[in-house]
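Geometric and topological summary
As a plain string of letters, each chain reads:
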Amino acid sequence: MNRTCLQTHFLILVFSFTTLCATGGFGQSIQDRVPILIDTDTANEVDDLYALVRALVEPKFDLLGITSAQFHTSPLASDTTVLESQKINEDILDLMKRQDIKRPLGSNKPILDSNAPMESEAMHHIIRMAHQMPVGKQLHVVVLGPCTNVASAVLKDPSIVPKIKVHYIGFWHDVKTNSYNKKEFNTGNDPLAVEILLNTKGLDLNIMSATTSQHLVFEKTDVDAQLKGKGGVADYLVERWENYERWWTQKDSEKKRWIMWDLAIIEALAHPELAKKEAFTTPAENTERSIHIYTSIEVEEMVADFWESLKHYGLLEK
């Protein structure tokens, strides 16, 4: 082989390597991936686990951390709920061999003073990641539980406000009257944190209300058919459904169905075409400003996409 051919082969190899690096091996340009940090009270329920797994297999996401959150108002709550959430986060990341993703511990208590943040590793990680965003990009902080950690980050360092976009699963909302009902579980686990986010001018706040996400329901028969006996994180998801004590209702005692509240926001971020959101004015008791609230989701398409995404990743293979 002459020198010209060698040089040509070398350039092809360099180009191929550069392309692979630029796409992260997934065919999705790293520059185009959405920088996301998920903050979740994973041990509180079942849907958080399904949302986390879905996020972990999404090639459009650049997952910059999974932080843990407390859920102290649950009748099943211990004194260390954040540690329970942390344990499940770590289990899922280990089962999916994602040791590369950081997993900072969040606050074990809600915000007690509207002017004082609750210090935690999670709070500092949110601040650090926000400041690492290049010009023109925002860190998408997806809050699947109480807003303690992100509200604390905003209190600690208000300069991150233009650098983050918060996506929160919380409260009930009437689209026709633009009325809010804050008597909802996530909101109740840190009411002050929610008020801080609603009152922070300039904060890009997007809400997947309980009113909208309640329609995303999974059937246990489908879960068993797709996941049971597949090992690893697949069986971990099934076992969580079967072993978790659903304390808030006596209906469906056999747990044949489950509302996947948190999965709704992950699917909406992965596929914006499957959800509709509109601008609304904040509640009357809060600083008057515009926020965005999801008003509808395409349920069947979201369910189908969840299973297709896990299949594509290889999680449905035995």
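Shown above is the structure to which this text applies.
Here the structure is a predicted model, which means the values were calculated and not measured.

**Structural notes on the sheet that holds strand β4 (residues 164-170)**
Spatially, β2-β1-β3-β4-β7-β11-β10 is the arrangement adopted by the seven strands of the open sheet, whose pairing is mixed. In this open sheet, the two edge strands, each paired with only one partner strand, are β2 (61-68) and β10 (275-281). Direction aside, neighbouring strands of the sheet carry axes that sit 25 degrees apart on average. Bridge count between β10 and strand β11 (residues 290-297): seven bridges; the pairing is antiparallel. Bridged to Ala 275 within β11 is Ile 297.

**So, the pattern of salt bridges**
Applying the stated rule across the entire model yields 16 salt bridges. The salt bridge partner of Arg 54 is Glu 267, with a shortest N-O separation of 3.0 Å. Of this pair, Arg 54 sits in helix α2 (residues 47-56) while Glu 267 sits in helix α11 (residues 261-270); the two residues are 213 residues apart in sequence, bridging distant segments of the chain. In this pair, the class of Arg 54 matches that of Glu 267, namely buried. A salt bridge links Asp 91 to Lys 87; its shortest N-O distance comes to 2.8 Å. Highlighted residues: Asp 91 and Lys 87, both in helix α3 (residues 81-95), separated by four residues, approximately one helical turn. Relative accessible area serves as the criterion here: at 19%, Asp 91 is assigned to the buried category. With relative accessibility at 48%, the residue Lys 87 sits in the partly exposed group. Among the charged side chains, a network of salt bridges with common partners joins Arg 54, Glu 58, Glu 267 and Asp 305.

**Examining the side chain of Glu 267**
Relative accessible area serves as the criterion here: at 0%, Glu 267 is assigned to the buried category. If near-sequence neighbours (up to four positions away) are discounted, Glu 267 is found in contact with Arg 54, Met 302, Asp 305 and Phe 306.

**What to know about α2**
Of all ten residues making up α2, ten are buried, and the element is well covered by its neighbours. Listed as buried for α2 are Asp 47, Asp 48, Leu 49, Tyr 50, Ala 51, Leu 52, Val 53, Arg 54, Ala 55 and Leu 56.

**A look at the side chain of Asn 286**
With respect to the helices and strands, Asn 286 occurs in the loop between β10 and β11. Relative accessible area serves as the criterion here: at 7%, Asn 286 is assigned to the buried category. If we ignore the near neighbours within four places in the chain, the residues touching Asn 286 are Lys 182, Glu 195, Leu 198 and Asn 199.

**Side note on the environment of Lys 163**
Positionally, Lys 163 belongs in the loop between α5 (148-156) and β4. Sequence-distant contacts of Lys 163, that is, excluding residues within four places in its chain, are made with Ala 130, His 131, Met 133, Lys 137, Gln 138 and Leu 139.

**So, the layout of surface pockets**
For the largest pocket, the calculated volume is near 340 Å³. Among the secondary structure elements, those contributing two or more residues to the lining of the largest pocket are α2, β4, α6 (185-188), α8 (210-213) and α11. The class makeup of the residues in the lining of the largest pocket is eight nonpolar, four polar and seven charged.

**Focus on helix α9 (residues 220-227)**
Those residues of α9 lying buried are Lys 220, Val 223 and Leu 227. Each buried residue of α9 sits inside an arc of 60 degrees when the element is viewed along its axis, so together they form one side. The exposed residues of α9 that point more than 90 degrees off its buried face are Thr 221 and Ala 225. In this fold, the buried residues of α9 make contact with α2, β8 (217-219), α10 (232-243) and α12 (299-313).

**So, the packing of aromatic side chains**
Under the defined criterion, the tally for this structure stands at 13 aromatic pairs. Each ring, one from Tyr 50 and one from Trp 241, has its centre 6.4 Å from the other, and the planes form 70 degrees; the classification is edge-to-face. Taken as a pair, Tyr 50 in helix α2 and Trp 241 in helix α10 lie far apart in primary sequence, 191 residues in all. Relative accessible area serves as the criterion here: at 0%, Tyr 50 is assigned to the buried category. Given a relative accessible area of 1%, Trp 241 falls into the buried group. Taken together, a centroid distance of 6.2 Å and an interplanar angle of 70 degrees make the contact between Tyr 168 and Phe 171 edge-to-face. Accessibility expressed as a relative area gives 1% for Phe 171, which makes it buried. Among the aromatic residues, ring-to-ring pairing joins Tyr 50, Phe 218, Trp 241, Tyr 244, Trp 248, Trp 258, Phe 306 and Trp 307 into one connected group. A cation over an aromatic ring shows up here: Arg 246 above the ring of Trp 258, its NZ or CZ 4.5 Å from the ring centre.

The rules we used
Residues numbered from 1 in each chain as written. Predicted model: local features only at pLDDT ≥ 70, side-chain atom pairs only at ≥ 80, totals over all residues. Heavy atoms only, no water. Pairing = 2+ DSSP bridges. Helix = DSSP H or I, 4+ residues; strand = E, 2+ residues; numbered from the N terminus. Axes fitted to C-alpha atoms, helices over the stretch in contact; angles between N-to-C directions. Salt bridge = Lys/Arg side-chain N within 4 Å of Asp/Glu carboxyl O. Buried < 20%, exposed > 50% of the residue type's maximum accessible area, 1.4 Å probe, protein only. Contact = heavy atoms within 4.5 Å. 1 Å grid on protein atoms, 1.4 Å probe; cavity = no way out; pocket = protein on both sides within 12 Å on 5 of 7 lines; lining within 4 Å. Points joined across faces, edges and corners; volume = space filled by probe spheres on them. Nonpolar A, V, L, I, M, F, W, Y, C, P; charged D, E, K, R; others polar. Arc of directions from axis to C-beta. Phe/Tyr/Trp six-rings, centres within 6.5 Å; stacked < 30°, edge-to-face > 60°. Lys NZ or Arg CZ within 6 Å of the ring centre and 35° of its normal.

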